[in-house]
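An overview of the molecular structure
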Amino acid sequence: RYRNKKLSTMATASTPNDSSAGASGPSLEPLTTLSPSTLTGSPAWSASFSIDGKYLAVCFGNPNTHVKVWEHQKEVTSQQLTNINISKSAKEQESKEEEWKLIATIREEHTRTIRAVAFAPTSSTFGVPILATGSFDGKVMIWEHYPDNANDNDDTTLENNNAFEPIAQLEGHENEIKCLAWNATGSLLASCGRDKTIWIWECFLPGTIGGSENTANTPMLNGQNNGEDQGEFECLAVLQGHDGDVKSIVFGPSHSQWGEGEEILVSASYDNTIKVWAEEGGDWYCAATLGGGDSFAPQQSVMPSTGGAVHASTIWSLGLTPGGVRLFSGSEDGSMAIWKMYTASERKRLFPGNNAVVCSTDGLWNCVGKLPDAHSTYSVMSIDCAPSRAGHGRIVSGGGDNCINIYREETTSVGGGCSDAPKFAIEAVADDAHGGDVNCVKWHPRDGTCLVSCGDDGAVKLWKYRRG
């Protein structure tokens, strides 16, 4: 189904009524169901594509907790089909837009619900997909893919002949892990959980800084130990500061505005706040806490301050744009907030009365808008920003109303916003996308028309986004 709803992100604006769109307008259509709904079974919690989009992993909770991994089968071009002497029915089968095969099911090692999965950003670049899983048992497991090349293309044995083997176990959390995040290079892995802490691990994986380019030179991945650090994991920091469960984390670029490091880590919590963590001199520190009424109007700006707390309840989800200068947060109160990163010089010039910074050289994250009814009164469970190569800059969210929304920023001179006061429209909606909460939505990293979703009903679905 399709709905088009224009929502102003100005805090004082009201939400217009829904309006219908023609058949030629943008839409979000079901493409295929990889795992069917099992309302009496295990919920599907988290999904992750490998960096090249070749693999997709999804974790399922109790009573039958496990991880499923699918592999995208290479498409056959029309020219190749012409050159191959096959029947018309075979051509139709080979030319499907999306063909995914289940290649592995992981059931070992974790003793409680597996809550998070995340492919390392070097997953397939060097032919060694690396997957991290986080569980309510407090452990993070690192897995490497070992395909069995002896497989004779018999689909019935495909899942059994593709194994993900554990290569490391990271311990430290006292209890449930809620989210995992890799940095852009795969040299850092962060985990967060119910114990209110965030752990940052330095990783030496194939293709990362300090790691080798193949498993033959990687001790941990080939079972050898020659005293080198490659393939090992070292805890760099344990971050404490939240007063509740840490629900979501994401790495982003610092743009030289936060500490000395090249990256920041953003976290969201049950305590209704967002924290920005930065690195300086090898130590990580809390550079800013967002959410407690910290929305400021720049001088000589038409943007009003929202005043009061930005979110009135638990912040479930975070989404960072590819450029790292805009952040989206989703809350249990049904709202989605939009944050903009300002440089240190912009902060001093535009917000002279704001002293809410730890270091005078740090920048500022400011709430510049809000969608108060992003998912009506239901929780915004998941947010993801389209990758740069998608070319359209859309935002997708999944909610407790069982729906998936796609948002478009209004940038036209007539009725559009600006970076200090953006305006967004809900461009397409999949009503009743799942038979329960939509726990996770993710854009395909290379195909801006493809998304995956998973929910409380245990279903895993692929969707086709059409811009119209």
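These numbers were taken from a predicted model, which means no experiment stands behind them.

1. Focus on the sheet that holds strand 19 (residues 315–320)
Spatially, 19-20-21-22 is the arrangement adopted by the four strands of the open sheet, whose pairing is antiparallel. Of all strands in the sheet, those bounded by a partner on one side alone are strand 19 and strand 22 (364–371). If you compare each strand with its neighbour and ignore which way they point, the axes differ by 25° on average. Bridge count for strand 21 (residues 336–342) against strand 22 is seven bridges, and the pairing is antiparallel.

2. Some words on the environment of V441
Within the fold, V441 resides in strand 28 (residues 438–443). Residue classification places V441 among the buried residues on the basis of a relative accessible area of 1%. Residues V441 and I404, spaced 37 residues apart in sequence, show a C-alpha to C-alpha distance of 8.0 Å.

3. So, the sheet that holds strand 18 (residues 283–290)
In a beta sheet, neighbouring strands pair by backbone hydrogen bonds and run either parallel or antiparallel. If you walk across this open sheet you meet the four strands as 15-16-17-18, and the pairing is antiparallel. Across the chains shown, the open sheet's two edge strands, defined by having one partner strand only, are strand 15 (246–253) and strand 18. If you compare each strand with its neighbour and ignore which way they point, the axes differ by 25° on average. Examined bridge by bridge, strand 17 (residues 274–280) and strand 18 share seven bridges and lie antiparallel to one another. Directly across from K275, in strand 18, lies its bridge partner T289.

4. A word on the pairing of strand 13 (residues 197–203)
Along strand 13, six of the seven residues are buried, which leaves the element largely enclosed by surrounding structure. Looking at chain direction, strand 12 (residues 188–193) and strand 13 are connected through five bridges and run antiparallel. Within strand 13, the position partnered with L189 by the bridge is W201. In this antiparallel pair of consecutive strands, strand 12 and strand 13, the connection spans three residues, and K196 shows a positive phi of 70°. Judged from the seven bridges that link them, strand 13 and strand 14 (residues 233–240) form a sheet pairing that is antiparallel. Its bridge partner being in strand 14, E202 is matched across the sheet by E234.

5. A closer look at the side chain of T133
Its location among the elements puts T133 in strand 8 (residues 130–135). Here H110 takes part through its side chain, which lies 2.8 Å from a polar atom of the side chain of T133. A distance of 2.9 Å separates the side chain of T133 from the side chain of W143, its partner in a polar contact. Apart from residues lying up to four places away in sequence, T133 is in contact with V67, H110, I114, A116, V117, K139, V140, M141, W143 and L180.

6. With respect to the pattern of salt bridges
What the rule picks out here adds up to twelve salt bridges. Its salt-bridge partner being E71, residue K54 comes within 3.6 Å of it at the nearest N-O pair. Taken together, the positions of K54 in the loop between strand 3 (44–49) and strand 4 (55–60) and E71 in strand 5 (residues 66–72) put the pair 17 residues apart, joining distant regions of the chain. Residue classification places K54 among the partly exposed positions, given a relative accessible area of 34%.

7. Describing the environment of Y55
Along the polypeptide, Y55 turns up in strand 4. Exposure remark for Y55: the relative accessible area of 5% places this residue in the buried category. For the pair Y55 and P129, spaced 74 residues apart in sequence, the C-alpha separation works out to 8.4 Å.

8. Topic: the confidence of the model for the protein
Per-residue confidence for the protein gives a mean pLDDT of 81; residues scoring 70 or more make up 73%. Here helix 4 (residues 219–222) is the element of the protein with the lowest mean pLDDT, 40, and strand 28 is the one with the highest, 98. Confidence drops under a pLDDT of 50 for residues 149–158, and excluding neighbours within four residues, the segment shows seven contacts in the predicted structure.

9. Topic: unusual backbone geometry
For residues that are not glycine, phi is negative in most cases, and the peptide bond is trans in most cases. Residue P63 follows N62 across a cis peptide bond; omega there is 15°. Looking at where P63 falls in the secondary structure, it is placed in the loop between strand 4 and strand 5. Even without glycine at this site, S256 takes up a positive phi of about 60°. Here S256 is to be found in the loop between strand 15 and strand 16 (263–269). The exposed category is assigned to S256, whose relative accessible area is 65%. Positive phi, close to 75°, is recorded for N272, a residue that is not glycine. If you trace the backbone, N272 turns up in the loop between strand 16 and strand 17.

10. Quick look at the packing of aromatic side chains
Going through the model one piece at a time under the given rule, you end up with six aromatic pairs. Note on Y55 and F119: the rings are 6.3 Å apart at their centroids and 35° apart in plane angle, and the pair reads as tilted. Here F119 lies in strand 7 (residues 114–119) and Y55 lies in strand 4, a separation of 64 residues in the sequence. For the ring pair W443 and Y465, a centre distance of 5.9 Å and an interplane angle of 80° mean the geometry is edge-to-face. Of this pair, W443 sits in strand 28 while Y465 is found in strand 30 (residues 460–466), placing the two residues 22 residues apart along the sequence. Across the pair, exposure class does not vary: W443 and Y465 are buried alike. Sitting over the face of the ring of F60, K68 holds its NZ or CZ atom 5.4 Å from the ring centroid.

11. Regarding the pairing of strand 12
For strand 12, the buried fraction is high: six of the six residues fall into the buried class. With burial as the criterion, each face of strand 12 is covered, one bearing L188, A190 and C192 and the other bearing L189, S191 and G193. Two elements, strand 11 (residues 177–182) and strand 12, share five bridges in a ladder whose sense is antiparallel. Its bridge partner lying in strand 12, A181 is registered against A190. In this structure, the hairpin formed by strand 11 and strand 12 is closed by a connection of five residues, where G186 is found at a positive phi of approximately 80°.

The rules we used
- Residues numbered from 1 in each chain as written.
- Predicted model: local features only at pLDDT ≥ 70, side-chain atom pairs only at ≥ 80, totals over all residues.
- Heavy atoms only, no water.
- Pairing = 2+ DSSP bridges.
- Helix = DSSP H or I, 4+ residues; strand = E, 2+ residues; numbered from the N terminus.
- Axes fitted to C-alpha atoms, helices over the stretch in contact; angles between N-to-C directions.
- Buried < 20%, exposed > 50% of the residue type's maximum accessible area, 1.4 Å probe, protein only.
- Polar contact = N/O pair within 3.5 Å; in protein donor to acceptor, adjacent residues only side chain to side chain.
- Contact = heavy atoms within 4.5 Å.
- Salt bridge = Lys/Arg side-chain N within 4 Å of Asp/Glu carboxyl O.
- pLDDT = per-residue confidence, 0-100.
- Phe/Tyr/Trp six-rings, centres within 6.5 Å; stacked < 30°, edge-to-face > 60°.
- Lys NZ or Arg CZ within 6 Å of the ring centre and 35° of its normal.

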